[in-house]
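Given next are the chains, with one letter for each unit.
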Amino acid sequence: MSRLSKRFADLASNGKKALIPYVTAGDPDPTITVSLMHAMVEAGSDIIEIGVPFSDPMADGPVIQQACERALIHNVSLSDVLDMVTTFRETNQETPVVLMGYLNPVEVMGYQIFAQRAAAAGVDGVLTVDLPPEEAEDLIVAFEANKIDPIFLVSPESTVDRFKQITKYSRGFLYYVSLKGVTGVKSIDAEAVGHKLSELRDYTGLPICVGFGINNAQTAATISKIANGVVVGSAVVKRIAENQNDQAKIIEEVKSFLAGLRQAIDAN
Amino acid sequence: MTTNVIDRQANLPNMPDEKGHFGIYGGRFIAETLMAPIEELTKAYEVFKSDPAFIAELDKDLADYVGRPSPVYLASHWSEHLGGANIYLKREDLNHTGAHKVNNTIGQALLAKRMGKTRIIAETGAGQHGVASATVAARLGMECVVYMGEVDVQRQAANVYRMKLLGAKVVPVTSGSKTLKDALNEAMRDWVTNVDNTFYIIGTVAGPHPYPEMVRDFQTVIGREAREQMLAKTGRLPDALVACVGGGSNAIGLFHPFLNDKDVEIYGVEGGGDGLETGRHAAPLCKGKPGVLHGNRTYLMEDENGQIIETHSISAGLDYPGVGPEHAWLKDIGRANYVAVTDTEALDAFHALTKIEGIIPALESSHALAYAAKLAVKMGKGKNILVNLSGRGDKDIHTVAALEGITV
Ligand SMILES: Cc1ncc(COP(=O)(O)O)c(C=O)c1O
């Protein structure tokens, strides 16, 4: 069983839901990322999502775009991100790590090499935002050979045809985008999300996590009632941006924010 | 005659395939959030591209509003001055709004109207596509928002004002390198957020499928007309075609109807900036590598980690790190040649055409002219070269004047 599947199975047997924070690797600089990952685990996170910086993050709102820009000042590369995961794994073998990023850096490294190196580093799943399943076959083959779970997005506008195609290739969990638009916008309509999730469950037994627009404890609690987990990205990154010159403060703020979410989710 | 025509056929396959691939290039590399609007657009385009009423309306607008067909002009004075082949110019500079861009914006705006969209968004670099989009939006009574890199807003102030006069809102983009590629990112972000009422008019043959195919189809009017005009004027096809390549829309518009005429040599000219050897240029086909950006696989200017790098060209319309996927394919199969000329060479051609023929060309088009001048000398007398004069240079006089220390 993959680390992701095991984590979701354990959560389910305890009646718990997954808290999945996202940070961009190397934001605001590369020296903080591994400590931040450990801190997020201490604050009660179940899975860590790490963004691979890209110069043209087309699906992201301004908060994550700027995180990419801060990381790219330090030339943080895909290879550097894999090294960070390797370091994280020296002291944490349980918490699943998912990489989220865009295809071009993976194309440059090469699918095979990337899949092998990611597996060796201890990466569990990869979400390549601009790679829909119909273009993903070669990368999926490389992932399968290296026991990496390919994770795909489902959107409110995805049709049943697309549900089928996406669920066929997905492993680990499905990532449901809760609203139209880019990361970090507005607030979300829990009822509409619930409706779509129950539709989706007719096509998959995979856990479904919801992201884009979850920015406070109350929304996290509401959504985690209907989903298997919540992904919180821009709201975490915003706290990094606000304290970018003070590493200790970043860790403190992110930890207390996530601890609050944890509490709200568990109180359900 | 008939066998002769068949002999000359290169018999290239019809591209793209149904998933939008040109060989290994093109495709649809987009987030799931964009998939629904892209599928809606694909379906609508499939329906309307063979709808006689749609085509009739488009043709009427191209004739009465744009002023098509644009003439083909033999630049006899310049050709004589160069002492080589005859250089013919396809006069897209004479179109309404001053460039080929309007051929595409008219087509996409009519499609938007038929799809029931009320809001148009566009990205722009030089501002020509922004102006062409604002123009058609004004005419159709649609709201128009144009995304433009902050750097370009500054260097193309006249076009910014033109768009505002036309009623468009110009949004300066401050992310990334603050140029065309970032404007495109921002327009995509707007589109996913406002899909219900919004149509995104991409200005070149880039983006996810069906854009490279659709924009090409709207621009091939250039090559279809030019092919007939050259046959009528000279009794034969030209020996060579030359067009500048930013994203590649004016080039593919000229080239496409000639692709199966295998005796016609094809040259696409990229922005060579300070020179290919300096690394400061905008020539992904000459110097880049295949990768994925803005929804398609194509040649890109990138660093060793796969980050997209900034381009350099005197011409804002060529300052783009990618290129339409069909050009990537034509390069790989060897049907078209891609070359670059420097800023300085383009400027020389700009002045030459202005002084010798009384035509002020756009700096983008000046790249094609500069290469055509070299080619004319190489090919020699008796040969015919057809150049796409993609736009007029009024928008560039500030840039050129500034280089000479003059403020206008
Ligand atoms: C006059 C002119 N020619 C060429 C271009 C380059 O675009 P493309 O390569 O799509 O024709 C532009 C873009 O702004 C332009 O304004």
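Everything numeric in this text was worked out from a predicted model, so none of it was measured. (Residues numbered from 1 in each chain as written. Chains lettered and ligands numbered in written order. Predicted model: local features only at pLDDT ≥ 70, side-chain atom pairs only at ≥ 80, totals over all residues. Heavy atoms only, no water.)

S.K.: Which parts of the structure should I look at to understand the nonpolar core?
M.R.: Taken as a class, soluble globular proteins show a tendency for nonpolar side chains to be buried jointly. The biggest cluster of nonpolar side chains holds 102 residues, and the ones touching the most others in it are A:Ile50, A:Leu99, A:Phe114, A:Phe173, A:Tyr175, A:Val232 and A:Leu258. It is helix α12 (residues 247-266) of chain A that provides the largest number of residues to this core, a total of 7 residues. Apart from residues no more than four positions distant in its own chain, A:Ile50 is found in contact with A:Tyr22, A:Val23, A:Ala25, A:Thr33, A:Met37, A:Val81, A:Val97, A:Val98, A:Leu99 and A:Met100. In this structure, B:Ile38, B:Val205, B:Val215 and B:Ile252 belong to the second largest nonpolar core, which totals 89 residues. (Core = buried A, V, L, I, M, F, W, Y, C linked by side-chain atoms within 4.5 Å. Buried < 20%, exposed > 50% of the residue type's maximum accessible area, 1.4 Å probe, protein only. Helix = DSSP H or I, 4+ residues; strand = E, 2+ residues; numbered from the N terminus. Contact = heavy atoms within 4.5 Å.)

S.K.: What is the right way to read the packing of helix α10 (residues 217-226) of chain A against α12(A) from this model?
M.R.: Two numbers describe a pair of packed helices, the interaxial angle and the distance between the axes. All names here are of chain A. It is at 8 Å that the axes of α10 and α12 come closest, and there the two elements cross at 40°. As for how α10 packs across α12, the hand of that crossing is right-handed. Taking contact as the criterion, the partners of Ala217, Ala220, Ala221 and Ser224 in α10 are, on α12, Gly260, Leu261, Ala264 and Ile265. The residue makeup of the contact of α10 with α12, split by class, is 6 nonpolar, 2 polar and no charged. (Axes fitted to C-alpha atoms, helices over the stretch in contact; angles between N-to-C directions. Left-handed = near helix turned anticlockwise from the far one by under 90°. Nonpolar A, V, L, I, M, F, W, Y, C, P; charged D, E, K, R; others polar.)

S.K.: What is the right way to look at unusual backbone geometry in this model?
M.R.: Note on backbone geometry: most residues besides glycine have negative phi, and most peptide bonds are trans. The residue after A:Asp27, namely A:Pro28, is reached through a cis peptide bond having omega -5°. If you trace the backbone, A:Pro28 turns up in the loop between β1 (18-24) and α2 (33-42). Note that the residue after B:Met15, namely B:Pro16, is joined by a cis bond; omega there is 0°. Here B:Pro16 shows up in the loop between α1 (2-7) and β1 (21-22). For A:Lys147, which is not a glycine, the phi torsion comes out positive at approximately 55°. By secondary structure assignment, the location of A:Lys147 is in the loop between α7 (137-145) and β5 (149-151). Residue class for A:Lys147 comes out exposed when judged on its relative accessible area of 71%. Residue A:Phe212 is not a glycine yet carries a positive backbone phi of 75°. Counting through the fold element by element, A:Phe212 comes out in the loop between β8 (208-211) and α10. A residue is classified by how much of its surface remains accessible, and A:Phe212, at 5% relative accessible area, is buried.

S.K.: Before we go on, may I ask you to explain the side chain of A:Glu49 in this structure?
M.R.: Looking at the secondary structure, you find A:Glu49 in strand β2 (residues 48-51). The contacts of A:Glu49, once residues within four sequence positions are left out, are A:Ile20, A:Pro21, A:Tyr22, A:Val23, A:Val98, A:Met100, A:Tyr175 and A:Val231.

S.K.: Is there a simple way to think about the packing of aromatic side chains in this case?
M.R.: Between two aromatic rings, the relevant description is the distance of the centres plus the angle of the planes. If you walk through the whole model with that rule in mind, you get 12 aromatic pairs over all chains. Taking the ring centre of A:Phe257 as reference, the NZ or CZ of A:Arg239 above it sits at 3.7 Å. Sitting above the plane of the B:Tyr299 ring, B:Lys331 keeps its charged end 5.4 Å from the centroid. (Phe/Tyr/Trp six-rings, centres within 6.5 Å; stacked < 30°, edge-to-face > 60°. Lys NZ or Arg CZ within 6 Å of the ring centre and 35° of its normal.)

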